[in-house]
Amino acid sequence: MNTWLILLGMALVTYATRALPLLTMRDVNSPLLERTLRYVPPAIFAALIAPALLAPEGSLEAGPHLWAGLAGVVAAWTTRNMALTIIVGLGIFALLR
Amino acid sequence: MDAKPKTQELERTRGVNLRALLERQARGELWRGFVDTMPLWIGVVPFGIAYTLAAQTAGLTPLQTLAMSLLVFAGASQFTAAGLFAGGAAGLSIILTTLVINLRHLLLSASLAPFLRHLSLWKRAGLAFGITDESYAVAVRRIMERQAGPALLLGANISLYVSWQLSTLAGLLLGGIISDPTALGLGLVFPLSFTVLLMPYLRSRPAWAAALVAGGLALAGRMLLPGSWYLLFAALGGSLAGALVEKKR
C-alpha cells in the first residue's frame, strides 16, 4: 500500500476514536453508563500510571521507575504541584539509574 | 435553556455586557489550558524527537514524518507505526494497530460528551481532533465539575498540538545528533503528571475503586495481553468498578 494512503488511514481511524462519541452521543439514558463515564478520569489515569512505573519493560520490576514514581506520589500527595512532582520524580530517577 | 432571556434582561437592566464578559472568560480559560499543559512539554519534546528518528530510520520521508504528526497526532501509535513501517508490515495491519492503540480515546470522548453537547457539531468536531490523554487529563476535572468550559480543553489541546509539531520539526532538524532522546528517562513526565492529576479524585471510595481496579487490570493486561488492548480494558473495567461501588452505597 502507498505510504500516503497508510498515513491517511491512520489519521481517519484515529480521528474516528476521538470524534464518534462526541459527535453521536445525545442523552445518556442509562444511569449505569452515566456513572461509569464519570469514573473514566481516575481509571484512565491509573491505567496509564501503573504499567509505566511497575512494568516499564513489560514485566514486573521494582526499579528506578518505581522508586521515582513513589517519590512522585509523595510529592503529588503533599503539594498537588505538577512542576515540583516532575522535578522530584526525574531527580530520583537520575540518581538511581 | 433560559440563559438567553436572563442574559438579555441583565444587559437591559444593569447595562452589563454579558457576552463580552463570557468571551473574556473563555479567552482566560483558553490561556489557562495552554499554560497548565506546558509542564508536559518536558516529556513531549524527547518523545517527539524519538518518534521522528524512528520514522526516519523506517524510511519515511521528512514530509511523511511531519504529515503523520500533523494528521494523526497520537504519540504512542505514531511511534509504533514507525516500528511497523521499518519491519515492512502490511498497510492494513499498520492502520489496524493504530486503531487498537487509540481505542481508549472512545472513553475519553464519551466521558466528555455530556458536558460538551451544547456545542455545535462543528465545534465538537474540532475539539475532538485534539483530544489526547494529556490534554484530557489537564482539563477534564474542571470541565466535569463545571468550573470551566470547553475553552480550557481547547487550550490544552492546542498546547499539546503545537509542542508535538515543534518537537517533530526539532527531530527532523537535529537528525542524528541525539541518538536516543528517551534515554534520559523524561518519559516519566507522563506517569508523574497523571499522578498529580489523579490525586484530587482520591477522596471517595468509588474513585479509589476505579483507580485500583484500572491500575491492577492495566498491569496484568500489559504483561498478558498482546499489543495495547490493555489500556481500553483497564480503563473500562476501572470506571465500571467505580460506578458499581457508587451504586452499592
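Residues numbered from 1 in each chain as written. Chains lettered and ligands numbered in written order. Predicted model: local features only at pLDDT ≥ 70, side-chain atom pairs only at ≥ 80, totals over all residues.

## Some words on the overall build of chain B
Each helix and strand counted, chain B has 13 helices and zero strands in total. When the helices and strands of chain B are placed in sequence order, the string is α-α-α-α-α-α-α-α-α-α-α-α-α. The proportion of buried residues among the 249 residues of chain B is 47%. For chain B, restricting intrachain contacts to residue pairs at least 6 apart in sequence, the fraction spanning at least 24 positions comes to 73%. (Helix = DSSP H or I, 4+ residues; strand = E, 2+ residues; numbered from the N terminus. Buried ≥ 20, exposed ≤ 12 C-beta atoms within 10 Å, placed from the backbone. Contact = placed C-beta atoms within 7 Å.)

## Quick word on the packing of helix H4 (residues 64–79) of chain A against helix H11 (residues 189–198) of chain B
At their nearest, the axes of H4 of chain A and H11 of chain B sit 9 Å apart, and the two run at 30° to each other. Accordingly, the angle class assigned to the pair H4 of chain A and H11 of chain B is roughly parallel. Relative to H11 of chain B, the crossing made by H4 of chain A is right-handed. Contacts between H4 of chain A and H11 of chain B involve Gly 69, Gly 72, Val 73 and Ala 76 of chain A on the former and, on the latter, Pro 191, Leu 192, Thr 195 and Val 196 of chain B. Among the residues making up the contact of H4 of chain A with H11 of chain B, the classes are represented as five nonpolar, three polar and no charged. (Axes fitted to C-alpha atoms, helices over the stretch in contact; angles between N-to-C directions. Parallel < 35°, antiparallel > 145°, perpendicular 65-115°, else oblique. Left-handed = near helix turned anticlockwise from the far one by under 90°. Nonpolar A, V, L, I, M, F, W, Y, C, P; charged D, E, K, R; others polar.)

## Some points on the domain arrangement of chain A
Annotation of chain A at the domain level lists domain 1 (1–30) and domain 2 (39–97). Summarising the inter-unit geometry, the C-alpha centres of domain 1 of chain A and domain 2 of chain A are found 31 Å apart. (Domains from an automatic or database assignment.)

## Details of helix H3 (residues 40–54) of chain A
Under the 1.5 Å per step criterion, the end-to-end length of H3 of chain A is 21 Å for 15 residues, consistent within 8% with the ideal 21 Å. Among the 15 residues that make up H3 of chain A, 15 are buried, leaving the element largely enclosed by the rest of the structure. (Expected span 1.5 Å × (residues − 1).)

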